[in-house]
Amino acid sequence: MLGVAKDPLQHTSMYERMEEESEDSDGEGGLGNVSRIIIRPPGVSGKAKRGHLCFDAAFETGNLGKAELIGEFEYDLYLRPDTCNPRFRFWFNFTVDNVKQDQRVIFNVVNMNKARNLFNNNLTPLVKSSSRPKWQRLPKKHVYYYRSPVHQNHYILSFAFSFDKEDDVYQFALAPPYSYSRLQSYLNFIENRHQNDKKFVRTSLAKSLQNRNIDLITIDEISCKSKSLRTERSFIRVIVILSRSYGNASPASYMCQGFVEFLLSTHKIAKILRENFVFKIVPMANPDGVFLGNNRCNLIGQDTNRIWHVANEYLHPEIYAIKNMLKEIDNSDIFQIDFVIDLHAHNSLHGCFIYGNTYEDVYRYERHLVFPRLFAAHVKDFAANNMMFNADDKKVGSARRFCCERLSDTVNAYTLEISLGGHYLKDGKTVALYTEDGYYRCGRNLARTLLHYYRFINILAEPLPADVRSKKRRPRTHQARSRSRQRYEVKPRPKTTRCSAPISYTNLSICYDSGGSSDEAFSPERHYRYAPRSSHLSGYRSYYRNPSSSLLSQAQDQFTLLRIKSGKFDTLHCGYKIGSKIPTRSIPLEQNEPKFEVSINIPPKPYLSIIDLNQLTRGSLNKKSHSFEYS
C-alpha cells in the first residue's frame, strides 16, 4: 500500500511468525539480548529436541537481539543496538547449543549499520566451542557479504556452519572478546605479584554510571631523590595511555595488556623506560559499554570519543575523571606530559596506523610527525597509507583533539588504530589475520618505539647495540665441537661514541635578525588560563630551562651550521669550548711567526627552519633502527 511507512528490514520468513512464545523464550523480541531462546520449527511444541537451536547472549559482552527461523536450515539474526542509541549496530557475540550431530545451518546477520567494513575484504567471524576454546576464523568460502533483495537490498552477512559435536556449546563473535571481568582478574593478578615493589600502583579514578571502577595504572621506578632534584634540571616526563573507549574495540585491550606486560618485564628496554619516565595507563575508559556489549556508546547512548569537550561528572564520569587527571598533571611544576596515546580498533581498514593532529605552528607539527615516522620504521604491519593528520570539526570531541587544544604545546596526542581483521604482507595482496598474539606484539612494539623516540631527540643516551640486545645463544645440541681458542680468537672492536642524529636545515630566506632566535617561536602560548596556585612554568613548557644551557646550545648550533655551510673554521681565537665535540687548539705560536686573524661571518639562526623528514628517514632513523631488536 502506497504512502505507508515500512520497516526496510521487515520480517521476510517463509514461515508465519508464531504469536505465542514458549516457556524457554522469555523476553524474545524485546530490546535486550536474547536469553536461552529455543527456536522450534512451525507447528512443533513441547520439550525441545536435538537440533532445535538454543541462542543465548545474556552474558558479559554479549550481543544478539533476536533470532528467527526463516527456512529449514536458515536463521535471521538481529543485532541489538547500543543502549539508548539505535544508530550503532555492528558488534555481535552469542552462543548456540542443543545442536545435532553434523547439523548444517546458515546464519544471516541482517541489520548491520556499516556497509563499508572489513567483511568486504576477507574478514570472517570467529568461532570456538567448549571442547576447543581457541578462537578460529571461519573459512572465507563459507562467508558472504552482499546486498540481499529479500531484505530491501540491504547488506547482509551470511555464513554457513556445520556443528560436529552435540555436547559442545559454540560461540560466535566479531573479534576476540575482552570483558571487564577479565581485566579485573588480570589487574588483581598483577597487583598481587608486584605488591612488594613500588613500580606498579593501581588506583581508581572514579566510578561509572553502573558503579564500575575506572582503573588507573602507574608504572615507574623513578627514585624519590630523582623526583626531588628533577625540578632543578627538567620535568619528569609522563606518558599517558588510554584504551577501550568503545565496546567493540577488544583488540585495543589486548594491545594495552601487551604494553603493560612488557613494561613490567625484566627486559633492558623496559627497565630503561621505567627508570626515566612515568606511565599512566587507563586500560578501560568505557567499562559500562564493554560490559553491556555495546558497539560504541556507554550506558546512556553517548559516544565516549566524541564528548571530551562537553563531558561532565554526572553524564560522563569516566571521561570527566580522565580529563581532570590530565589537567592536574599538565599544570604541575614537577611533571610534563609528552604523549597521550588513545588505543582503538578499526573495522574497515587493515594494519595498524596512527591518526594525528595538524597545527599552525610548523615547529610543533614537525615534532608531531617524528613519533609516527619512528613507529612506521620499526613495525612490520604498519599501514602508512592509512595514516592521517587532520583538524576537522567532526573529531572535535575526540581525545586527541581535546589534548592538543587544551593541554600544553609539548603534548603529542595520537590515536593508535589496529585492525579487527589483519595486515598486508610484503606482496601487498595477501592479508594475514591478527590473533591475540599479534595484538600483544603491537603493544610491545609501542613501548620499544618510545625508547627510540627519546634517544632520537637526545633525551636518553645512545648505547652501543651490544648493550641493548640480549645475547642469543644456540642450544647445546647445536653447538660445534670445542676447538682451540687461539685459532679462532677474535679481538673485540674498540668502543666508539656515536654522534648525534644528523638534522638538515633548509633555509627559506624568510627573515634574519642578529638578535633573534628560533627558540622564541618554538613553543606558542597556551590558550587556557593557568590553574590557581600553580607556577608560571606550568603553563609554558620550554626546552631550555637554564639560561647557560640555552647559550651553550646556541653556540653548538652555530658551529653546526657553519660546518654545513662553510666546511671549515678556525677555533684558535674562539671563546666557545663545548665538551669534546669541538676541540680547541692549544699549540703556542712562535714569536717570529706572523699572526693571521680570520674573520668569519656567522649567520644568525632564521626565525623559521624546516626539518627535512625525508633525510631523517634515510639517515638517522634507519641508522638507529639497527641498534634495537624487535620481537
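Because the structure is a prediction, the values reported are computed rather than measured. (Residues numbered from 1 in each chain as written. Predicted model: local features only at pLDDT ≥ 70, side-chain atom pairs only at ≥ 80, totals over all residues. Heavy atoms only, no water.)

A few words on the confidence of the model for the chain. Detailed conclusions should not be drawn from predicted coordinates in areas where pLDDT is low. Averaged over all residues, the pLDDT of the chain equals 78, while 67% of them reach at least 70. In this model residues 1–30 is a low-confidence stretch, pLDDT under 50, and it forms 45 contacts with partners more than four residues away in sequence or in other chains. Counting contacts from residues 593–600, a segment whose pLDDT is below 50, to residues more than four positions away or on other chains yields four contacts. (pLDDT = per-residue confidence, 0-100. Contact = heavy atoms within 4.5 Å.)

Here we come to the UniProt feature "active site" (unreviewed entry) in the chain. Mapped onto the present numbering, the UniProt feature "active site" (unreviewed entry) falls on E417. Tracing the backbone shows E417 in strand β19 (residues 412–419). The buried category is assigned to E417, whose relative accessible area is 8%. Excluding residues within four positions of it along the chain, E417 makes contact with H344, A345, H346, G351, C352, F353 and Y355. (UniProt positions renumbered as here; feature names shortened; annotations may be inferred. Helix = DSSP H or I, 4+ residues; strand = E, 2+ residues; numbered from the N terminus. Buried < 20%, exposed > 50% of the residue type's maximum accessible area, 1.4 Å probe, protein only.)

Core analysis: the biggest nonpolar cluster contains 95 residues, and F55, F107, F163 and F172 have the highest contact counts within it. No other element matches helix α9 (residues 436–456), which puts 10 residues into this core. Among the nonpolar cores identified, the runner-up in size contains 26 residues, and A311, I322, M325 and F402 belong to it. (Core = buried A, V, L, I, M, F, W, Y, C linked by side-chain atoms within 4.5 Å.)

The buried fraction of strand β4 (residues 74–78) amounts to four of the five residues, a majority that puts the element mostly inside the structure. Linkage of strand β3 (residues 66–69) to β4, two consecutive antiparallel strands, is achieved through a turn of four residues. In this sheet, strand β6 (residues 103–109) lies alongside β4 in parallel orientation, the contact comprising four bridges. From the neighbouring strand, Y75 faces β6, where its bridge partner is F107. (Pairing = 2+ DSSP bridges.)

As a further point, take the sheet that holds β6. Spatially, the five strands line up as an open sheet ordered β3-β4-β6-β10-β9, and their pairing is mixed. Of all strands in the sheet, those bounded by a partner on one side alone are β3 and β9 (143–148). Within this sheet the neighbouring strands show an average axis-to-axis angle of 25°, counted without direction. In the sheet, β6 pairs with strand β10 (residues 154–163) via seven bridges, with the strands oriented antiparallel. Note on β10: the bridge partner recorded for F107 is F159. (Axes fitted to C-alpha atoms, helices over the stretch in contact; angles between N-to-C directions.)

Quick look at the sheet that holds strand β13 (residues 213–219) now. Spatial ordering of the open sheet is given by β12-β13-β15-β14-β16-β19-β17-β18, a layout of eight strands whose pairing is mixed. The sheet is open, and its two borders are formed by β12 (200–207) and β18 (388–390), each paired with just one other strand. Strand-to-strand, the axes of this sheet are offset by a mean angle of 20°, without reference to chain direction.

Turning to its location among the elements, S129 is positioned in strand β7 (residues 126–129). A relative accessible area of 6% means that S129 is categorised as buried. At 3.2 Å, the side chain of S129 and the side chain of D168 are in polar contact. Ignoring sequence-local partners within four residues, the contact set of S129 consists of D168, V169 and Y170. (Polar contact = N/O pair within 3.5 Å; in protein donor to acceptor, adjacent residues only side chain to side chain.)

Two measures describe an aromatic ring pair: the distance that separates the ring centres and the angle between the ring planes. One pass over the full model with this rule turns up 35 aromatic pairs. Taken together, a centroid distance of 5.8 Å and an interplanar angle of 65° make the contact between F55 and F107 edge-to-face. In this pair, F55 is assigned in strand β2 (residues 54–56) and F107 in strand β6, connecting sequence segments 52 residues apart. For F55, a relative accessible area of 0% translates into the label buried. You can call F107 buried: its relative accessible area is 0%. Grouped by ring-pair contacts, the aromatic residues F55, Y75, F92, F94, F107, F159, F161, F163, Y170 and F172 constitute a single cluster. The ring of Y78 has K66 lying over it, and the distance from NZ or CZ to the ring centre is 4.5 Å. (Phe/Tyr/Trp six-rings, centres within 6.5 Å; stacked < 30°, edge-to-face > 60°. Lys NZ or Arg CZ within 6 Å of the ring centre and 35° of its normal.)

Here we take up the environment of I418. Inspection of the secondary structure assignment puts I418 in strand β19. Spatially, the C-alpha atoms of I418 and L349 are 8.5 Å apart, while their sequence positions differ by 69 residues. Aside from chain neighbours lying at most four places away, what touches I418 is P251, M255, H344, A345, H346, G351, C352, Y434, Y439 and C442.

What follows concerns the packing of helix α4 (residues 268–276) against α9. Direction vectors running N to C along α4 and α9 enclose 60°, while the axes themselves pass 10 Å from each other. In terms of orientation, α4 lies oblique with respect to α9. For the pair α4 and α9, the crossing hand works out as left-handed. On α9, the residues touching I269, I272 and L273 of α4 are A447, R448, L451 and R455. Classifying every residue of the contact of α4 with α9 by side-chain character gives five nonpolar, no polar and two charged. (Parallel < 35°, antiparallel > 145°, perpendicular 65-115°, else oblique. Left-handed = near helix turned anticlockwise from the far one by under 90°. Nonpolar A, V, L, I, M, F, W, Y, C, P; charged D, E, K, R; others polar.)

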